[in-house]
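# Geometric and topological summary
Listed here are the chains, written in short residue letters.
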Amino acid sequence: MSYSTAGSLRSVTLDDVLGAQKMLSGIARVTAMEGSRHLSQLVGAPVLLKCENLQRTGSFKLRGAYVRIAGLLPEERAAGVVAASAGNHAQGVALASSLLGVHSTVFMPKGAPLPKISATRDYGAQVRLHGQVVDETLAAAQEHAARTGAVFIHPFDHPDVIAGQGTVGLEILEQCPQVRTIVVGIGGGGLAAGIAVAVKSLKPDVRIIGVQAEGSAAYPPSLAAGRPVAIENPATMADGIKVGRPGEVPFAIVEELVDEVRTVGEDQLSAALLLCLERAKLVVEPAGASPVAALLGGGDGIEGPVVAVLSGGNVDPVLLQRVLRHGMAAQGRYLAVRLRLTDRPGALATLLGVLSVADANVLDVSHVRTDPRLGLTEAEVELHLETKGPAHCAEVGQALRDSGYTVID
């Protein structure tokens, strides 16, 4: 789905972004841009990947956090800073604060992935775990700021943060001057807004497409209403763009300068993450893969060269395992089946023989003999299989039925 955007005033200028670029010299990496032959074939035009997943701390967030904290007055720095985040912003604030000699406190949800908690501590922040959801964590951070005088560093709703993120746009123009379309994920909107300010100021004919997860798409109703609108219970595996309400500052910029916002589903996100890993050899988190997800359907309305911004690579290994399996299933390369068979010696071996002939690779087997649902001579088997695509999945299912097995949906 897509939504048009139009008209508003912005509070961040090209000069702000250029100033941020100077400030970040020697601090943030000029990340690589890699071509993708597979995506280029799908889109019908050259596609390049802007690899912010290879940025320091594993995402673009360092850029905005550093510019915001570097701009604080001496007395504000002395009071320290505080932030709330489940991952990328936390690490960006932690490293930026350490580089600038500022004390940082970062509130994270109790359920935040352990690698992200550990990384935030390693970058120098004092980590406090509070709440089960980010809204509770955010409230705790703001209370801490009010009580201690520490400066709250918002992840996206501040001009300095947006200016810092906009340096990604300047790099895109330097690395691919002929770019015609930029595709970028949108959560609160800071990255998309910053890129839009930089790029549209220098090359107004470049088309900018924002991407949101369907279960957490607050921008489409906000753009329709002409103001930030909150959605209830945002839900997506892409926690980096799981934001229930656009920021006031980035919304005004996105409304004016971003040409279109598209949404992608969880299956598309899984497939995109898998593609990045297999074809581009890049570890990318679901939010970072959202621009790739938007390109999987082809090049409808997209003029090349296209730059897709891989915004981050901080994916929890446990989530990565689940997402990869989900992506394989979405592509017909992973099949889970349950079936009943007669509980007798050699029955399981015979079943595995059928699967061998069908050329299905068995990843896991669960064999249940005692269950109230089963008859005295029955057993239930659940198998996880690696397959070669939708057609092969159908062939495996048919082979099982032809051999007399009852497949349970």
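Residues numbered from 1 in each chain as written. Predicted model: local features only at pLDDT ≥ 70, side-chain atom pairs only at ≥ 80, totals over all residues. Heavy atoms only, no water.

## Things to note about the sheet that holds strand S4 (residues 81–84)
Read across the open sheet, the four strands follow the order S6-S5-S4-S7; overall the sheet is parallel. Two strands bound the open sheet, and with one partner strand each, they are strand S6 (126–129) and strand S7 (151–152). Sheet topology places S4 next to S7; two bridges connect them, and they run parallel. Note on S7: the bridge partner recorded for Val-81 is Val-151. (Pairing = 2+ DSSP bridges. Helix = DSSP H or I, 4+ residues; strand = E, 2+ residues; numbered from the N terminus.)

## Quick word on the pattern of salt bridges
All chains considered together, the criterion is met by 12 salt bridges. Note that Glu-171 is salt-bridged to Arg-63, the shortest N-O span being 2.9 Å. Placement of Glu-171 in helix H8 (residues 159–175) and of Arg-63 in helix H3 (residues 61–70) is noted, with a sequence separation of 108 residues between them. The class for Glu-171 is buried, based on a relative accessible area of 6%. (Salt bridge = Lys/Arg side-chain N within 4 Å of Asp/Glu carboxyl O. Buried < 20%, exposed > 50% of the residue type's maximum accessible area, 1.4 Å probe, protein only.)

## Focus on the nonpolar core
Soluble globular proteins tend to bury their nonpolar side chains together. The biggest cluster of nonpolar side chains holds 65 residues, and the ones touching the most others in it are Ile-69 and Ile-182. Setting aside residues no more than four positions away along its own chain, Ile-69 makes contact with Arg-77, Val-81, Val-93, Ala-96, Ser-97, Leu-100, Val-102 and Ile-153. Formed by 39 residues, the second largest nonpolar core is a distinct cluster that contains Val-211, Ala-238, Val-284 and Ala-287. (Core = buried A, V, L, I, M, F, W, Y, C linked by side-chain atoms within 4.5 Å. Contact = heavy atoms within 4.5 Å.)

## Digging into unusual backbone geometry
Between Gly-304 and Pro-305 the backbone carries a cis peptide bond, its omega angle lying at 0 degrees. Note that Pro-305 resides in the loop between helix H13 (290–295) and strand S11 (306–310). At Lys-281, a position not held by glycine, the phi torsion is positive, near 60 degrees. Relative to the elements of secondary structure, Lys-281 occurs in the loop between helix H12 (266–278) and H13. The backbone of Asp-359 sits at a positive phi, close to 65 degrees, despite the residue not being glycine. Summarising the element assignment, Asp-359 is placed in the loop between helix H15 (347–357) and strand S13 (361–368).

## Some words on the environment of Leu-18
Turning to its location among the elements, Leu-18 is positioned in helix H1 (residues 14–24). A residue is classified by how much of its surface remains accessible, and Leu-18, at 32% relative accessible area, is partly exposed. For the pair formed by Leu-18 and Gly-166, sequence separation is 148 residues and the distance between their alpha carbons is 8.7 Å.

## Structural notes on the pairing of strand S12 (residues 334–342)
The sheet contact formed by S12 and strand S14 (residues 378–386) spans nine bridges and is antiparallel. Directly across from Leu-335, in S14, lies its bridge partner Leu-385. The sheet contact formed by S12 and strand S15 (residues 406–408) spans three bridges and is antiparallel. Counted as the bridge partner of Arg-340 is Thr-406 from S15.

## Digging into the pairing of strand S3 (residues 47–51)
Counting buried positions along S3 yields four of five residues, so the element is predominantly enclosed. Of the pairings in the sheet, the one linking strand S2 (residues 33–35) to S3 comprises three bridges and is antiparallel in character. Note that in S3 the partner of Met-33 across the bridge is Lys-50. Judged from the five bridges that link them, S3 and S11 form a sheet pairing that is parallel. Across the sheet, residue Leu-49 finds its bridge partner in S11, namely Ala-308.

## Describing the confidence of the model for the chain
Model confidence for the chain is summarised by a mean pLDDT of 89, while 95% of its residues fall at 70 or above. Low pLDDT, under 50, characterises residues 1–9; the predicted model gives this stretch 28 contacts beyond four residues in sequence or across chains. (pLDDT = per-residue confidence, 0-100.)

## Considerations on the packing of H8 against helix H9 (residues 190–202)
Interaxial distance between H8 and H9 falls to 7 Å at its minimum, and their mutual angle equals 50 degrees. As judged from the angle between their axes, H8 and H9 are oblique. The two elements H8 and H9 meet at a crossing, and its hand is right-handed. Packed against H8, whose contacting residues are Ile-162, Gln-165, Gly-166, Val-168, Gly-169, Leu-170 and Leu-173, the element H9 presents Gly-190, Leu-191, Ala-193, Gly-194, Ile-195, Ala-198, Val-199 and Leu-202 at the interface. The residue inventory of the contact of H8 with H9, partitioned by class, reads 10 nonpolar, five polar and no charged. (Axes fitted to C-alpha atoms, helices over the stretch in contact; angles between N-to-C directions. Parallel < 35°, antiparallel > 145°, perpendicular 65-115°, else oblique. Left-handed = near helix turned anticlockwise from the far one by under 90°. Nonpolar A, V, L, I, M, F, W, Y, C, P; charged D, E, K, R; others polar.)

## Let's talk about helix H5 (residues 88–100)
Residue pairs three or four apart in sequence face the same way in an α-helix, which turns once every 3.6 residues. Its 13 residues place the ends of H5 18 Å apart at the C-alpha level, agreeing with the 18 Å of an ideal helix rising 1.5 Å per residue. Most of H5 sits inside the fold, with 11 of its 13 residues counted as buried. Those residues of H5 not exposed but buried are Asn-88, His-89, Ala-90, Gln-91, Gly-92, Val-93, Ala-94, Leu-95, Ala-96, Ser-97 and Leu-100. Elements that come into contact with the buried residues of H5 comprise H3, helix H4 (74–79), S4, strand S5 (104–108) and helix H6 (114–122). In the stretch just after H5, Gly-101 is the one whose phi turns positive, near 70 degrees. (Expected span 1.5 Å × (residues − 1).)

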